[in-house]
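Take a look at the letters that make up each chain.
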Amino acid sequence: MLEKQLKRREKEAGIGFLIMMGIYLLAIGIVLVVKVHLGSISEVFVAGTLSAAVIAACLWVFADSFYFCREFNIAVSMGQTRKQFVWCYELVSFLEILGMVVLVRGLWAVEEGIYHWLVPEAKIVFGAEEIFWRKGIWIWVLGVIAGQMLFQALLLRYGLKIYWVIGFGGILLAGIPRMISENSGIARKGREIVEWIAGAAAEFGENVWILIGVVVSLGAVGIAWMFLRRQQVVM
């Protein structure tokens, strides 16, 4: 089953890789063109890597979720157990995102090398070590897998209505800056919360926050599995 899943998703991964590389090269080209027209650049950031990573992540989370729904219905209707399909699918997803992280780290190093070579006077705004935190990257991978699994379960259960919820949440988030600017009380409370989180992070250390991340991710996986283990086939 695992081998079949790997072969089936190989083509999808290849298409995603080509899109990712296209965005990567386009963004690097734009940065270098800006350098030519402006004459000098004091700072640059890894626009190619970040743009490619964001696009790839969006494609992976949303497109792959539709593939999951289709494959779930086909597999269960043909007699495969939900447990066997779901956990095999998520294992392959874990391998995919792990491979994506390794690829992005490599592209990051290549892009930094290009800028050091072609724009030696420019300072890179932030380096890879600020994102690819050795312990934290595993929590990001687990968190993304857990979030996608929960999204897949909700998409199967409620269909496209889940997108209305996401859209409404996006509208609320878009209105937060205006609410903060118009209400100093909210802004003050927000600063207090941020300062408390920063203080707690400094006091408890990174291991406690890693543990919290693991617990939250496992909770999301558990909720998703409660939906999926009872999910009926919807054709």
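Residues numbered from 1 in each chain as written. Predicted model: local features only at pLDDT ≥ 70, side-chain atom pairs only at ≥ 80, totals over all residues. Heavy atoms only, no water.

**Some remarks on the overall build of the protein chain**
Alright, step 1. When you go through the protein chain residue by residue, the secondary structure sums to 8 helices and 2 strands.
Alright, step 2. Written out in order from the N terminus, the α and β elements of the protein chain read α-α-β-α-α-β-α-α-α-α.
Alright, step 3. Here the protein chain holds 235 residues, and the buried ones make up 31% of them.
Alright, step 4. By sequence separation, contacts in the protein chain at least 24 residues apart represent 82% of the contacts at least 6 residues apart. (Helix = DSSP H or I, 4+ residues; strand = E, 2+ residues; numbered from the N terminus. Buried < 20%, exposed > 50% of the residue type's maximum accessible area, 1.4 Å probe, protein only. Contact = heavy atoms within 4.5 Å.)

**Section: the pattern of salt bridges**
Alright, step 1. One pass over the full model with this rule turns up 1 salt bridge.
Alright, step 2. For E71, the salt bridge is made with R70, and the minimal N-O distance between the two is 3.2 Å.
Alright, step 3. By relative accessible area, which is 39% here, R70 ends up partly exposed. (Salt bridge = Lys/Arg side-chain N within 4 Å of Asp/Glu carboxyl O.)

**As for the nonpolar core**
Alright, step 1. Counting 22 residues, the largest nonpolar core has M20, V44 and M100 as its most contacted members.
Alright, step 2. At the level of elements, α2 (10-38), α3 (47-77), α4 (82-118) and α5 (136-158) are the ones that each hand at least two residues to this core.
Alright, step 3. Counting residues per element, this core draws most heavily on α4, which supplies 6 residues.
Alright, step 4. Apart from residues no more than four positions distant in its own chain, M20 is found in contact with A52, A56, M100, L103, V104 and L107.
Alright, step 5. Within the second largest apolar cluster, 21 residues are counted, among which are V86, M149, L156 and W225. (Core = buried A, V, L, I, M, F, W, Y, C linked by side-chain atoms within 4.5 Å.)

**Points about the packing of α3 against α4**
Working note: a packed helix pair is described by the angle between its axes plus the distance between those axes.
Alright, step 1. One way to put it is that α3 packs onto α4 with a least axis distance of 11 Å and a crossing angle of 165 degrees. Comparing the axis directions of α3 and α4 gives the class roughly antiparallel. Pair α3 / α4 crosses with right-handed handedness.
Alright, step 2. Each residue belonging to the contact of α3 with α4 can be placed in one class, and the counts come to 19 nonpolar, 3 polar and 6 charged. (Axes fitted to C-alpha atoms, helices over the stretch in contact; angles between N-to-C directions. Parallel < 35°, antiparallel > 145°, perpendicular 65-115°, else oblique. Left-handed = near helix turned anticlockwise from the far one by under 90°. Nonpolar A, V, L, I, M, F, W, Y, C, P; charged D, E, K, R; others polar.)

**Structural notes on the environment of E90**
Alright, step 1. Here E90 lies in helix α4.
Alright, step 2. Residues E90 and F68 lie 22 residues apart in sequence; the distance between their C-alpha atoms is 9.5 Å.
Alright, step 3. Each residue touching E90, except ones within four places of it in the same chain, is listed here: F68, I145, Q148, M149 and Q152.

**Considering a nonpolar patch on the surface**
Alright, step 1. On the surface, a cluster of nonpolar side chains totalling about 300 Å² of accessible area is made up of I15, I19, I55 and L59.
Alright, step 2. Of all elements in the fold, only α2 and α3 reach the threshold of two or more residues within the nonpolar patch.
Alright, step 3. Relative to the helices and strands, L59 resides in helix α3.
Alright, step 4. Taking relative accessible area as the criterion, L59 reaches 37% and is therefore assigned partly exposed. (Patch = residues over 30% accessible without salt bridge, like charges linked within 9 Å, V, L, I, M, F, W, Y side chains within 5 Å. Areas by Shrake-Rupley, 256 points an atom, 1.4 Å probe, with all protein chains shown as cover.)

**A word on the side chain of Q148**
Alright, step 1. Among the structural elements, Q148 can be located in helix α5.
Alright, step 2. When its relative accessible area of 1% is taken as the criterion, Q148 is described as buried.
Alright, step 3. Discounting chain neighbours no more than four positions away, the residues touching Q148 are W60, V61, D64, S65, E90 and S93.

**Quick word on the packing of aromatic side chains**
Alright, step 1. Taken as a whole, this structure holds 7 aromatic pairs when the rule is applied.
Alright, step 2. Ring geometry for F72 and F85: centres 6.1 Å apart, planes at 70 degrees, overall edge-to-face. With F72 in helix α3 and F85 in helix α4, the pair connects residues that are 13 residues apart, well separated along the chain. Side by side, F72 and F85 carry an identical accessibility label, which is buried.
Alright, step 3. In textbook terms, an aromatic cluster arises when at least three aromatic residues are bridged by ring pairs, as seen for F68, F72, F85 and Y89. (Phe/Tyr/Trp six-rings, centres within 6.5 Å; stacked < 30°, edge-to-face > 60°.)

**What about α3?**
For an α-helix, 3.6 residues make a turn, and residues three or four places apart therefore share a direction.
Alright, step 1. The terminal C-alpha atoms of α3, which comprises 31 residues, lie 44 Å apart, in line with the 45 Å expected from a rise of 1.5 Å per residue.
Alright, step 2. G79 sits one or two positions beyond α3 and adopts a positive phi of about 100 degrees. (Expected span 1.5 Å × (residues − 1).)

**Some details on the confidence of the model for the protein chain**
Alright, step 1. On average, the protein chain scores 77 in pLDDT, and the residues at 70 or more come to 74%.
Alright, step 2. Averaged over each element, pLDDT in the protein chain is lowest for helix α7 (residues 184-204) (63) and highest for α4 (85). (pLDDT = per-residue confidence, 0-100.)

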